Structure formats: C-alpha cells, structure tokens
Amino acid sequence: MGKVAFVFPGQGSQFVGMGQTLSEQSEAARNVFEQADEALGFSLSALCFQGPEEELRLTANTQPAILTASVAVLAALREKRPDFQPDFVAGHSLGEYSALVAAGALDFADAVKTVRARGQFMEEAVPAGQGAMSAVLNLDRTVLQTVCEEVTASGHPVQLANLNCPGQIVISGSAEGVKLAGEKAKAAGAKRVLPLNVSGPFHSSLMQPAADKLHAVLAGVTVRDASIPVVANVTARPVSAAQPIVDSLVQQVSAPVLWEDSVQWMVEQGVTTFVEIGPGKVLAGLVKKIAPADTTIISVQDMESLTELLNGGLLC
C-alpha cells in the first residue's frame, strides 16, 4: 500500500451539531470537548452541538470549534486504532493547528487557546467592510497573479490567498482591490468570480497586525518537534522542527495557503490515501481535483464514517 496523509479542514467546514453524536459514542472524543470547554472557560461544546449558527460563524468561535471537532475525530480514531499512523499530516489554514496536534507538536489545550486568539486577532485586524475575499474560477494562476500585482500597484492591495485546486483560487485584500481584481480577472477569461461571505481579508498583507499579535502568543506556547512531517501551508513542504513550525504559523496568517501545491507534493512522495479528519468534506473535494484518479480519499467526521473507515479494509 502507498503512503497515507491525514488532512484537516479549515474555516467554512463548520456546522451546528458537529461532533455531538461522536462525543456521545466515544469517550476519547468527549474528553476533547471537555478539555476545550475547560481551556477556554466557556462551553464551546454547546456552541458546536446546539449553536446558534450565527455565533458559530464568528471567526473567534469558528476556529476553536473546528479545531476541537477535528481533534475529537482524531481521538476517536486513535481510541479504536492507535497503530494507524499517517506518513504526513497537513491542514488547510486553521487546519494546520489540528495537524500539529496530530503530529505531537502542540498540546490540544494550547492549540485551542491559540486559535481562539488567532480568530480574535483576525477579526480585529481590518475594520468591517474594508476587506474582502472572492473565489476566482478557471483562470491560470500566473495570469491571476499578474492581475493582483497590477491592482496592488495602483494602490489597492489584493493578492492570491488560497490556491485550493486547479481552477479555484481565492483572492484577498482591500474591498476595492478585490473588486477591481475580480473585474480584471473576468476580462482575462475567468469563468466566474464569487464574493465570499467572510469577516475579513484573510491570508493577505492586511492581516499583518494579526500575525504580529499571534507571534507574541506563540512565544508563550510550548511547541515541540513534530513526530510526523507536517506539510506547511506557506511552503507546501514538510516542517518538523519547533522553530520553523512557529515561523510558518505566523507567516500563514498573511501569506497564501498553497493547498494544491501541498497535495501535489504529497502525491509525489507516494501518498495514495488521503483521510480527511474533521467536519465536512471540503478537502476531500479539493483533493479529488488535484490527485490522480486512483487515489483513495476518505472523509471521517462521525462514528458512522469512522466505522466505515475501520471496516473498509484500509487498516488491515
């Protein structure tokens, strides 16, 4: 069998009810939610299980919620099969923290407090309405890069933010910059430009104030060398040593998420199975558009899908 990668979702995968049945059926998963509640000083578990949705969508809540739901799934999997270990781990933006917990580089309690702060810093970095993000479909990366550089040079910052898969790139920056770049992208042949309902211009230079604050928080957190290579968003290459891990987390706030490149690199290293661990199936859909057709792609987010994984022959 080829190599295995565990991948962890980021913001946008959340939904009310995530993790509830799993916590009822797995002691390990329940313990993760209890740890989150204790670390944060409020019932994050109730927010995950019962909502309300508008509260769960707030970045400062969404980020620790998705991390917790993802690590709970991982804990349930390891409870059943502690011998099943991946060759690589990776996460999409926020999901990189889940990957670092999986790799033993971060303790979960530290991670959930850090991403809570990260979400708050990202919300505060740019006043509401001054930043924006849009998904650009079916336009070559180099063409879109040139478009963003031209608009930025005109005084309206905008840049590539999420390079998700072939034909899907998210741009981020000032509201005017994203608007102008979207218009230029359509003129250059983009099939569609879709404004995103987000609270800020994530993964753009406008997030630098949040990155600076996060750096100060991470200075007080114990980060260890990873026991499993973590494919970092900012380089699409593995990182294992503690200091480079910290550096990549800080850079990631204002730098592009190189997801397509990360998956492609893992495929080149012999990964033939991707297991998405956490709420939703967003990453499974992206990996399907990047990896070869014969790649095994599995999403695990509840006891039903976990049981399918355990009974599917992959772990034999």
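Everything below is about the structure shown above.
Report follows, based on the coordinates. (Residues numbered from 1 in each chain as written. Predicted model: local features only at pLDDT ≥ 70, side-chain atom pairs only at ≥ 80, totals over all residues. Heavy atoms only, no water.)

## Overview of the packing of helix α6 (residues 95–102) against helix α11 (residues 242–252)
The interhelical angle for the contact between α6 and α11, taken along N-to-C directions, is 165°, at an axis separation of 11 Å. In terms of orientation, α6 and α11 fall into the roughly antiparallel class. For the element pair α6 and α11, the recorded crossing hand is left-handed. Contacts from E96, Y97 and L100 in α6 reach I245, S248, L249 and Q252 in α11. (Axes fitted to C-alpha atoms, helices over the stretch in contact; angles between N-to-C directions. Helix = DSSP H or I, 4+ residues; strand = E, 2+ residues; numbered from the N terminus. Parallel < 35°, antiparallel > 145°, perpendicular 65-115°, else oblique. Left-handed = near helix turned anticlockwise from the far one by under 90°. Contact = heavy atoms within 4.5 Å.)

## What to know about the pattern of salt bridges
By the definition in use, this model includes eight salt bridges. In this structure, the salt-bridge partner of R81 is D83, at a minimum N-O distance of 2.8 Å. Here E124 makes a salt bridge to K213, at a shortest N to O gap of 3.6 Å. Of this pair, E124 sits in helix α7 (residues 108–125) while K213 sits in helix α10 (residues 208–218), and the two are 89 residues apart along the sequence. A single salt-bridge network, built from bridges that share partners, covers R141, E260 and D261. (Salt bridge = Lys/Arg side-chain N within 4 Å of Asp/Glu carboxyl O.)

## Description of the packing of aromatic side chains
Inspection of every chain in the model, using the stated rule, returns three aromatic pairs. Ring plane angle 65° and centroid distance 5.4 Å describe the contact between F6 and F84, whose orientation is recorded as edge-to-face. Within this pair, whereas F6 is found in strand β1 (residues 3–8), its partner F84 is found in the loop between α5 (59–80) and β2 (88–91), the two being separated by 78 residues in sequence. Taken as a pair, F6 and F84 share a single burial class, namely buried. When the centroid spacing of 5.3 Å and the interplanar angle of 80° are considered together, the rings of F88 and W265 count as edge-to-face. With F88 in strand β2 and W265 in helix α12 (residues 259–268), this pair connects stretches of sequence that are 177 residues apart. Each member of the pair, F88 together with W265, is buried. (Phe/Tyr/Trp six-rings, centres within 6.5 Å; stacked < 30°, edge-to-face > 60°. Buried < 20%, exposed > 50% of the residue type's maximum accessible area, 1.4 Å probe, protein only.)

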